[in-house]
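Here's the letter readout for the chains.
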Amino acid sequence: MSDVKRILVIEDEVSIQELLCYSLEQAGFEVIAVATAEQGLAEIRSELPSIVLLDLMLPGMSGVALAKQLRSDSRTRDLPLIMVTARAEESDRVGGLDIGADDYVTKPFSPRELISRIRAVLRRRAPHLAGEPVEIGLVHLDPAARTVTVEGQPVDLGPTEFDLLQYLMHHPNRAMTREQLLNALRGDHKALVDRTVDVYVRRLRGALGPAGEAMIETVRGIGYKLTSTAE
Ligand code: CA
């Protein structure tokens, strides 16, 4: 389920695309590979990947143009993105980070190095995907074991409520819109629609009891916020 990270590879050079697919699959990632920015956009529209590997030089729409488009859309603004390019000049590197790439990899690269960079970006940009246990107030969540406890007592949560809590706990003290929450869940829960977020939040609050319930606030006109009492 949410342990498998989907990587979207946008790369027009067949040999590099094949190398990437092979290495990433060996490392346990699920890979979707396309050869143009336009196809990449279509994939992203249908389902958000965990991370995008984007070649700079593509036929048609360029990697830079696609990156800019992703960063200007609220749905994809936070999507982890690594630029891949054949050009090593420092000015290109700076340009790639300027347009909002999280990292920049120059060809030729070692698959091993690339995978460690991918993991680093995922840990930084999407801690809810990195599998680290998290504790806020009386609530402890362990993604690897998929367990939640409140004051040390196990809490029984459905898979969607679990993923929702995990996401909220990794983004504390931030008002999250229903759209952000849906996008965070959608990779694993394709059938979710807007108002169902409210249903899952209600179930989650019910399951957590008073201590956990108090942590998840409704932010009027926006969505929800998990408050860390430590702050
Ligand atoms: Ca290319």
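Conventions we followed
Residues numbered from 1 in each chain as written. Predicted model: local features only at pLDDT ≥ 70, side-chain atom pairs only at ≥ 80, totals over all residues. Heavy atoms only, no water. Pairing = 2+ DSSP bridges. Helix = DSSP H or I, 4+ residues; strand = E, 2+ residues; numbered from the N terminus. Axes fitted to C-alpha atoms, helices over the stretch in contact; angles between N-to-C directions. Contact = heavy atoms within 4.5 Å. Parallel < 35°, antiparallel > 145°, perpendicular 65-115°, else oblique. Left-handed = near helix turned anticlockwise from the far one by under 90°. Nonpolar A, V, L, I, M, F, W, Y, C, P; charged D, E, K, R; others polar. Buried < 20%, exposed > 50% of the residue type's maximum accessible area, 1.4 Å probe, protein only. Donors = N, O, S within 2.8 Å, 3.2 Å for Na, K, Ca; no water. Core = buried A, V, L, I, M, F, W, Y, C linked by side-chain atoms within 4.5 Å.

Side note on the sheet that holds strand β7 (residues 139–142)
- A sheet is described by the order of its strands in space; here four strands give the open sequence β6-β7-β8-β9, paired in antiparallel fashion. Here the strands that pair on one side only, and so sit at the sheet edges, are β6 (134–136) and β9 (153–155). On average, adjacent strands in this sheet sit at an angle of 25 degrees to one another, irrespective of strand direction.
- Examined bridge by bridge, strand β8 (residues 147–150) and β9 share three bridges and lie antiparallel to one another. Bridge pairing links T149 to P154 in β9.
- Contacts between helix α6 (residues 159–170) and the sheet are confined to β6, β7 and β8, with β7 contributing the most and set at about 110 degrees to the helix.
- This element, helix α8 (residues 196–215), spans β6, β7, β8 and β9 of the sheet and lies at about 80 degrees to β8.

With respect to the packing of helix α2 (residues 37–46) against helix α3 (residues 63–71)
- Remark: α2 packs on α3, axes separated minimally by 10 Å, with the N-to-C direction vectors making an angle of 25 degrees. Here α3 runs roughly parallel to α2, going by the angle between their axes. In the packing of α2 onto α3, the handedness of the crossing is right-handed. Each of A37, L41, I44 and R45 in α2 lies in contact with α3, whose residues at this interface are L66, Q69 and L70.
- When the residues that make up the contact of α2 with α3 are grouped by side-chain class, the tally is five nonpolar, one polar and one charged.

A closer look at the pairing of strand β2 (residues 30–34)
- Relative to β2, strand β1 (residues 6–10) runs parallel, the two being bridged by five bridges. The residue of β2 that forms the bridge with I7 is V31.

Section: unusual backbone geometry
- Residue P108 follows K107 across a cis peptide bond; omega there is -5 degrees.
- Turning to its location among the elements, P108 is positioned in the loop between β5 (103–106) and α5 (111–125).
- If you check the backbone angles, R146 has positive phi at about 50 degrees while not being a glycine.
- With respect to the helices and strands, the residue R146 is situated in the loop between β7 and β8.
- Residue classification places R146 among the partly exposed residues on the basis of a relative accessible area of 28%.

A short note on the coordination of the calcium ion
- Protein coordination at the calcium ion comes from D12 (OD), D55 (OD) and M57 (O), with a distance range of 2.1 to 2.3 Å.
- Along the chain, the residues that donate to the calcium ion are spaced as D-x42-D-x1-M. One end of the pair, D12, is in the loop between β1 and α1 (14–26); the other, D55, is in strand β3 (residues 51–55), with 43 residues separating them in the sequence.
- Here D12 falls in the partly exposed class, since its relative accessible area comes to 30%.

As for the nonpolar core
- V148, L165 and I216 are the most contacted members of the largest nonpolar core, which has 27 residues in total.
- Those elements giving two or more residues to this core turn out to be β6, β7, β8, α6, α7 (178–186), α8 and β12 (223–226).
- Residue contacts for L165: discarding those within four places in its chain leaves V139, L141, V148, L157, L204, L208, I216 and L226.
- Core analysis: the next-biggest nonpolar cluster, separate from the first, contains 22 residues, I32, A37, V52 and A101 among them.

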